[in-house]
Amino acid sequence: MTLFSAPSDPWSHRTRIVLAEKGISIDIVSVEAGRFPEDLLDLNPYHSVPTLVDRDLVLYDSRVIIEYLDERFPHPPLMPVDPVTRAQFRLALYRIERDWYSLARQIDAEPDKKQTVKLKKILRDTILQSTDLFKVKPFFLSDACLIMRSTCRRRRSRSRGTRN
Ligand SMILES: N[C@@H](CCC(=O)N[C@@H](CS)C(=O)NCC(=O)O)C(=O)O
């Protein structure tokens, strides 16, 4: 399995968090935005990263890739079990995509430095406004939200010099 991924691309990052959490071994092809290799351009009509190649299957769009990985490698499961929490989880992802990722995209595309500083401040403020959401439960949304939980756990173990 191969993942085309860009080092500063948040959509590639979230795909790689899922790969790491599930312990999936994969070849990572690191590409630079705007300088994609021919094989990636041939595989993906939208010319975007992340792009996953699993034998004959080619997937693009991080959400599509992440859902495929979660179904193909079910352990540990990243989605909660009950429909209400699943829906809340999807809604939270949708809001993060609309409110945070859209700003990240604008920052990336903005040529003017002053405007970039402004946009970064808006993004920082938007994230800070959400801190109450993170305080509601010990981990984002619920105990079932494994992506956040494992990321936090991984960071803690790293700072303690242990891994679990
Ligand atoms: N909704 C897509 C967004 C992917 C996306 O916009 N990726 C950017 C990251 S740089 C990209 O590949 N842009 C095309 C380019 O830079 O040429 C996803 O979730 O994968």
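One numbering rule holds for all chains: residues counted from 1, following each sequence as written. Predicted model: local features are reported for residues with pLDDT of at least 70 only, side-chain atom pairs are reported and counted for 80 or more only, and whole-chain, interface and lining totals are derived from all residues.

> A description of the pairing of strand β4 (residues 57-60) should follow, citing residues and the corresponding values.
When strand β3 (residues 51-54) meets β4, the two strands line up antiparallel, connected through four bridges. Residue pairing across strands places Asp54 opposite Leu57, the latter belonging to β4. From the end of β3 to the start of β4, which pair antiparallel, there are two residues, and Arg55 there has a positive phi angle of about 50°. For two strands to count as paired, DSSP must find a minimum of two bridges between them. Helical segments are the DSSP runs of H or I of at least four residues, strand segments are the runs of E of at least two, and each set is numbered from the N terminus.

> So what about the nonpolar core? Which residues, and what values?
Counting residues in hydrophobic clusters, the biggest one holds 12 residues: Leu3, Phe4, Ala6, Val18, Leu19, Val49, Leu52, Leu59, Ile65, Ile66, Leu69 and Leu78. Every element with two or more residues in this core is listed here: β1 (2-5), α1 (10-22) and α3 (62-72). At three residues, α3 tops the list of elements feeding residues into this core. By definition, a nonpolar core groups buried Ala, Val, Leu, Ile, Met, Phe, Trp, Tyr and Cys residues that connect through C-beta atoms lying within 7 Å of each other. To assign burial, the other C-beta atoms lying within 10 Å of each residue's own C-beta are counted, with C-beta atoms placed from the backbone; 20 or more indicates buried, 12 or fewer indicates exposed, and intermediate counts indicate partly exposed.

> Help me get a handle on the environment of Trp11, residues and values and all.
Within the secondary structure, Trp11 is located in helix α1. Overall, Trp11 belongs to the buried group, with 22 C-beta atoms counted inside 10 Å. Distance in space between the C-alpha atoms of Trp11 and Val49 is 7.5 Å, their sequence separation being 38 residues. The contacts of Trp11, once residues within four sequence positions are left out, are Pro50 and Ser62. By the convention adopted here, residues are in contact when the distance between their C-beta atoms, placed from the backbone, does not exceed 7 Å.

> I'd like a rundown of unusual backbone geometry, residues and numbers included.
Following Val49, the chain continues into Pro50 via a peptide bond in cis, with omega recorded as 0°. Within the secondary structure, Pro50 sits in the loop between α2 (38-43) and β3. For the bond running from His75 to Pro76, omega is -5°, close enough to zero to count as cis. Relative to the elements of secondary structure, Pro76 occurs in the loop between α3 and α4 (83-109). Positive phi, normally seen in glycine, also occurs at His47, with a value near 50°. One can find His47 in the loop between α2 and β3.

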